[in-house]
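# Descriptive structure summary
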Amino acid sequence: MLEISAGDTAWVLTAAALVLLMTPGLAFFYGGMVRAKSVLNMMMMSFISMGTIGVLWVLFGYSMSFGDSFGFEAAATRDGGPTFIGLLGNPFQYAGLQGLMSPDAAAGTLPALAFVAFQACFAIIAVALVSGAIADRASFGGWTLFTILWGILVYFPVAGWVFSFDGFTGTHGGWIANWLGVIDFAGGTAIHINAGISGLALALVLGPRIGFGTKPMRPHNMTLVMLGAGLLWFGWFGFNAGSALSAGTTASVAWVNTMVATAAAMLAWLLVEKLRDGHPTSLGAASGVVAGLVAITPAAGSVSPVGAIFVGGIASALCAYAVGLKYKLGYDDSLDVVGVHFVGGMAGTLLIGFFADPSSPAGKAGLFYGGGVDQLWRQAVGAIAVAIYAFVLSYLIALLIKKTIGWRISAADELSGIDLAEHSEAGYDLSPVYYTNKVQRTLVLTKDDLDEAATKTGASK
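Here the structure is a predicted model, which means the values were calculated and not measured. (Residues numbered from 1 in each chain as written. Predicted model: local features only at pLDDT ≥ 70, side-chain atom pairs only at ≥ 80, totals over all residues. Heavy atoms only, no water.)

Helix length check: helix H9 (residues 282-299) (18 residues) gives 26 Å between terminal C-alpha atoms against 26 Å at 1.5 Å per residue, within 8%. Judged by how many residues are buried, H9 sits mostly within the fold: 16 of 18 residues are covered. (Helix = DSSP H or I, 4+ residues; strand = E, 2+ residues; numbered from the N terminus. Expected span 1.5 Å × (residues − 1). Buried < 20%, exposed > 50% of the residue type's maximum accessible area, 1.4 Å probe, protein only.)

Structure, rendered in structure tokens:
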């Protein structure tokens, strides 16, 4: 058993606080991107995940992810690696975090509860990320139920596949980390591919916003967006460097890679905008920052700083073009969760297969370093497996909610503002346009608005 390190513990607890800050940062980022009548609801969709997932993680979520895995024996991997395919952690082993307050309970050089705290913040923001795909139109009750079901059925199992290593918190860990040998330093698959493709499933089930593709739906407050992007970048150093789970070389490599990949990604997005649209925008800068952070998340410990520049730049350029696909394909991914998190997470995960540097902490060689396609195909299989699993389960969960308690707010409420409809509050009490009485709010709508709403959503006028 390794001796608990005070330095490692201090760093990981600090990193956990940084990761927790990312969820309010995401709330600012998403809140600024929606219209003024939706800002509070958008922010609440991030905040509620702190409540539901925070409680579930303690009750059984951590155990489902990091308990001894149920699974089966299979063929050995390269170099005589693990033969056990772990599918789901034992939900009863650490239920209620039983036994983890003991001074003898450890995860590597950390007290067990330090690792619990760090991973709890990952689970919270993974759920919150999905919300951007269904801005302006989802009932708060439907979203809250989704956070619970998605956490249990999608995130907790996938986190175990990716983050649970054999012998760390249980004898057997997850199949992607151990049997398949995918490199995912901090969650390109478990967080970003998982959340991004789940956002697509929800967008398809809920359908587009009223006026999508025909009316402008510009961000109402770019200062909030920039503030949110800055907080995300700040907190992401805890996300990536904290995933080293120690205060040493690996954390330092991840920190530098996170900084430089994000810088390169911002420049790449602005360059795409300049060449395509004739002008760089603040929204582009903020989006490039997030795209770079997403892309370097899986690769932070396996590429060199120069490789990180390529990872961030390539992924950001792909994301900058991908966000426009929703208009061509007709799905309303409101805040570009698919275009940034799914595409960015997929790009970052696959680019490891090209740019993995054998001198990095991961010690693996990608195609450009003489490693052939061995690591590349492993990255591809892991990414595709998570994408298929998350999409199917998320689609089924979304259909279940739609058929039971319902997903969408009424057409009248969507047009007049989801903040007042769902929370009886307004983000900006600046104009008599905002009413607190539902009947009065309905009266400010035009007949054309209601006719369009009825046509597109099938809702009652």
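Following the structure, the description resumes.
The subject of this paragraph is the pattern of salt bridges. This structure, assessed with the given rule, holds eight salt bridges. Asp 136 is the salt-bridge partner of Arg 35, the closest N and O atoms lying 3.2 Å from each other. Of this pair, Arg 35 sits in the loop between helix H1 (6-33) and helix H2 (39-66) while Asp 136 sits in the loop between helix H3 (112-130) and helix H4 (140-163), and the two are 101 residues apart along the sequence. The same class applies to Arg 35 as to Asp 136, namely buried. As a salt-bridge pair, Arg 378 and Asp 374 come within 3.4 Å of each other at their nearest N and O atoms. With Arg 378 and Asp 374 both in helix H13 (residues 374-403) and four residues apart, the pair spans about one turn of that helix. The buried category is assigned to Arg 378, whose relative accessible area is 6%. For Asp 374, a relative accessible area of 28% gives the class partly exposed. Sharing partners across several salt bridges, the network here consists of Arg 35, Asp 136, Arg 137, Arg 209 and Asp 332. (Salt bridge = Lys/Arg side-chain N within 4 Å of Asp/Glu carboxyl O.)

For any two helices packed against each other, one specifies the inter-axial angle together with the distance between the axes. One can describe the packing of helix H12 (residues 337-355) onto H13 by two numbers: an axis separation of 7 Å at closest approach and a directional angle of 160°. When the interaxial angle is binned, H12 and H13 end up roughly antiparallel. Judged by the twist between their axes, the crossing of H12 over H13 is right-handed. Residue-level inspection shows Phe 342, Met 346, Thr 349, Leu 350, Ile 352, Gly 353 and Phe 354 of H12 in contact with H13, the latter providing Gln 375, Leu 376, Gln 379, Ala 380, Ala 383 and Ala 387. Among the residues making up the contact of H12 with H13, the classes are represented as nine nonpolar, four polar and no charged. (Axes fitted to C-alpha atoms, helices over the stretch in contact; angles between N-to-C directions. Parallel < 35°, antiparallel > 145°, perpendicular 65-115°, else oblique. Left-handed = near helix turned anticlockwise from the far one by under 90°. Contact = heavy atoms within 4.5 Å. Nonpolar A, V, L, I, M, F, W, Y, C, P; charged D, E, K, R; others polar.)

Before going further, it helps to spend a moment on unusual backbone geometry. Positive phi is not limited to glycine here, since Leu 97 has a value of about 60°. Position of Leu 97 among the secondary structure elements: in the loop between strand E2 (84-89) and strand E3 (106-107). Even without glycine at this site, Ser 424 takes up a positive phi of about 55°. Note that Ser 424 resides in the loop between helix H15 (418-423) and helix H16 (438-443).

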